[in-house]
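Next come the chains, spelled out residue by residue.
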Amino acid sequence: MNALWAEELSRLVDAEPVDPEVVADALESPETRLLFVGFLRLRAAVREDRYGPSVAFHDRMGRTLQAAERQSTDRRVVLRLVAALIVTALLTGLGVESWRRWRDDRPPRPNRVLRFDASEWTSNTTRSGS
Amino acid sequence: MGQRTAAELFEQHHLALFRYAYRQTHRREIAEDVVQEVFVRVVRNLDAYQENGREVAWLFTIARRLLMDRKRSLDRCPTEQLLSEPEPHINGSQEASVALAEALACVPDADREAFLLKEIGGLTYEEIAAVCQVTADGVRSRIYRARIRLRDALSAPMKGMR
């Protein structure tokens, strides 16, 4: 049996790309045609397999999936809460820092006020030349 | 396509996963445990999964890893190995299924795995290559070798079925 032909027919059964010339040559041979039919019968035999899991398994899986989804949802909620807390803490820190900077950049509050009256600006000094 | 729930994935793929695991182990309870564990992991990681329309490859990758872990633990524990004899098929009408199981047992592990991923999982050569971490050419050869062996082993019963 030509291994190249047989392998190409195996690919054909799997709907994978094949060389049409090689397939044509392969199908010329009665032996390879029988092999091709054998591959198809094998596929039918595998797909006829009716073996499945037990009823108890389905019941168990229903409970398992529900529990796992609930657990997963809880975990997601916790993760989101943690993320929200982190963001809140960061924003609070940023706000506090901004406020501090704003406070530091302000001019200091006056603790005494000097008030000048207009009369204080009149000078009694006389020029030496006058 | 929106994000699918684990329950939807279970509905669609559990049978193929079970048959894949069962054909690898010949043990119903192991196959059921593997499928259950696959979907527990799916629930945990569904958010992180990058949906690309071929979740079947993802599911079979998880199943394959779990089966490998099982095999390793069986290899380490000879008493459990003794218990892992193929379970008898209760239904006498499943002669073809028994013949298929016996024929599959004669196929080397790597070839059988690629063959089952193709025939039961419906994965493409590229997907099988990714799952088994081999090249697509390697997959093609493995499937071909498995087919030749299986055809030879099953030719007599299949002729009888005609």
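This structure is a prediction, so every number in the text was calculated from the model and none was measured.

**What to know about the overall build of chain B**
Next, step 1: Across its full length, chain B holds 8 helices and 0 strands.
Next, step 2: In sequence order, the secondary structure elements of chain B are arranged as α-α-α-α-α-α-α-α.
Next, step 3: For chain B, restricting intrachain contacts to residue pairs at least 6 apart in sequence, the fraction spanning at least 24 positions comes to 68%.
Next, step 4: In the structure as shown, chain B presents an accessible area of about 8,000 Å², 52% of it carried by carbon and sulfur atoms.

**Some thoughts on the confidence of the model for chain A**
Next, step 1: Taken residue by residue, chain A gives an average pLDDT of 85. The fraction at 70 or more is 92%.
Next, step 2: Per-element confidence in chain A is highest for helix H2 (residues 20-28) of chain A, whose mean pLDDT is 93, and lowest for helix H4 (residues 55-105) of chain A, whose mean pLDDT is 87.

**Comments concerning the pattern of salt bridges**
Pairing between side chains becomes possible if they bear opposite charge and their charged atoms approach one another.
Next, step 1: Evaluation of the coordinates by the stated rule reveals 19 salt bridges over all chains.
Next, step 2: Among the ionic pairs, Arg28(B) bridges to Glu32(B), the shortest N-O distance being 3.7 Å. Here Arg28(B) and its partner Glu32(B) are both found in helix H2 (residues 28-45), 4 residues apart, which amounts to about one turn of the helix.
Next, step 3: On the basis of relative accessibility, which here comes to 23%, the residue Arg28(B) falls in the partly exposed class.
Next, step 4: It is possible to trace a salt-bridge network through shared partners that takes in Asp14(A), Arg43(A), Arg47(A), Glu119(B) and Arg147(B).

**Concerning the interface of chain A and chain B**
Next, step 1: Listed per partner, the contact involves 37 residues of chain A and 43 residues of chain B.
Next, step 2: For the pair chain A and chain B, the summed buried surface comes to about 3,700 Å²; carbon and sulfur atoms form 58% of the total.
Next, step 3: Along the contact surface separating chain A from chain B lie 5 salt bridges.
Next, step 4: Here Glu119(B) ties to Arg43(A) by a salt bridge, and the two come within 2.8 Å at their closest N and O atoms.
Next, step 5: Where chain A touches chain B, the interface holds 11 residue pairs in polar contact (both at pLDDT 80 or more).
Next, step 6: Breaking the side of chain A that touches chain B down by element, the ones donating at least two residues are helix H1 (3-13), helix H3 (30-47) and H4 of chain A.
Next, step 7: Of all the elements, H4(A) adds the most residues to the side of chain A that touches chain B, at 11 residues.

**Some points on the packing of H2(B) against helix H3 (residues 55-76) of chain B**
For any two helices packed against each other, the geometry is given by the interaxial angle and the distance between the axes.
Residues and elements named next belong to chain B.
Next, step 1: Where H2 contacts H3, the axes come no closer than 9 Å and their chain directions differ by 130°. On the basis of their axis angle, the class for H2 and H3 is oblique. Classified by chirality, the crossing of H3 by H2 is right-handed. Every residue of H3 that contacts H2 at Ile30, Asp33, Val34, Glu37, Val38, Phe39, Arg41, Val42 and Asn45 is listed here: Trp58, Leu59, Ile62, Ala63, Leu66, Leu67 and Arg70.
Next, step 2: Its residues assigned to classes, the contact of H2 with H3 shows 11 nonpolar, 1 polar and 4 charged.

**A short note on helix H1 (residues 6-25) of chain B**
Residue and element names in this part refer to chain B.
Next, step 1: Helix length check: H1, at 20 residues, gives a terminal C-alpha distance of 25 Å against a target of 28 Å (1.5 Å per residue), a shortfall beyond 12%.
Next, step 2: Largest kink in H1: about 55°, centred on His13.
Next, step 3: The buried count for H1 comes to 15 of 20 residues, which makes it a mostly enclosed element.
Next, step 4: The positive-phi residue at the C-terminal boundary of H1 is His26, with phi of around 60°.

**Points about the side chain of Arg64(B)**
Residue and element names in this part refer to chain B.
Next, step 1: Of note, Arg64 is situated in helix H3.
Next, step 2: Under the relative-accessibility criterion, Arg64 is labelled buried at 13%.
Next, step 3: Leaving out residues up to four positions away in the same chain, Arg64 has contacts with Tyr20, Glu113, Val131 and Cys132.

**So, the nonpolar core**
Within soluble globular proteins, side chains that are nonpolar generally end up buried alongside one another.
Next, step 1: The biggest cluster of nonpolar side chains holds 55 residues, and the ones touching the most others in it are Val38(B), Phe39(B) and Val42(B).
Next, step 2: Structurally, this core is a two-domain feature, drawing no fewer than three residues from each of domain 1 (1-85) and domain 2 (92-162) of chain B.
Next, step 3: Among the nonpolar cores identified, the runner-up in size contains 10 residues, and Val13(A), Val23(A), Phe36(A) and Ile148(B) belong to it.

What counts, and where the lines are drawn
- Residues numbered from 1 in each chain as written.
- Chains lettered and ligands numbered in written order.
- Predicted model: local features only at pLDDT ≥ 70, side-chain atom pairs only at ≥ 80, totals over all residues.
- Heavy atoms only, no water.
- Helix = DSSP H or I, 4+ residues; strand = E, 2+ residues; numbered from the N terminus.
- Contact = heavy atoms within 4.5 Å.
- Areas by Shrake-Rupley, 256 points an atom, 1.4 Å probe, with all protein chains shown as cover.
- pLDDT = per-residue confidence, 0-100.
- Salt bridge = Lys/Arg side-chain N within 4 Å of Asp/Glu carboxyl O.
- Buried < 20%, exposed > 50% of the residue type's maximum accessible area, 1.4 Å probe, protein only.
- Buried area = accessible area lost by both parts, 1.4 Å probe.
- Polar contact = N/O pair within 3.5 Å; in protein donor to acceptor, adjacent residues only side chain to side chain.
- Axes fitted to C-alpha atoms, helices over the stretch in contact; angles between N-to-C directions.
- Parallel < 35°, antiparallel > 145°, perpendicular 65-115°, else oblique.
- Left-handed = near helix turned anticlockwise from the far one by under 90°.
- Nonpolar A, V, L, I, M, F, W, Y, C, P; charged D, E, K, R; others polar.
- Expected span 1.5 Å × (residues − 1).
- Bend = angle between axes of the 7 residues up to and from the residue.
- Core = buried A, V, L, I, M, F, W, Y, C linked by side-chain atoms within 4.5 Å.
- Domains from an automatic or database assignment.

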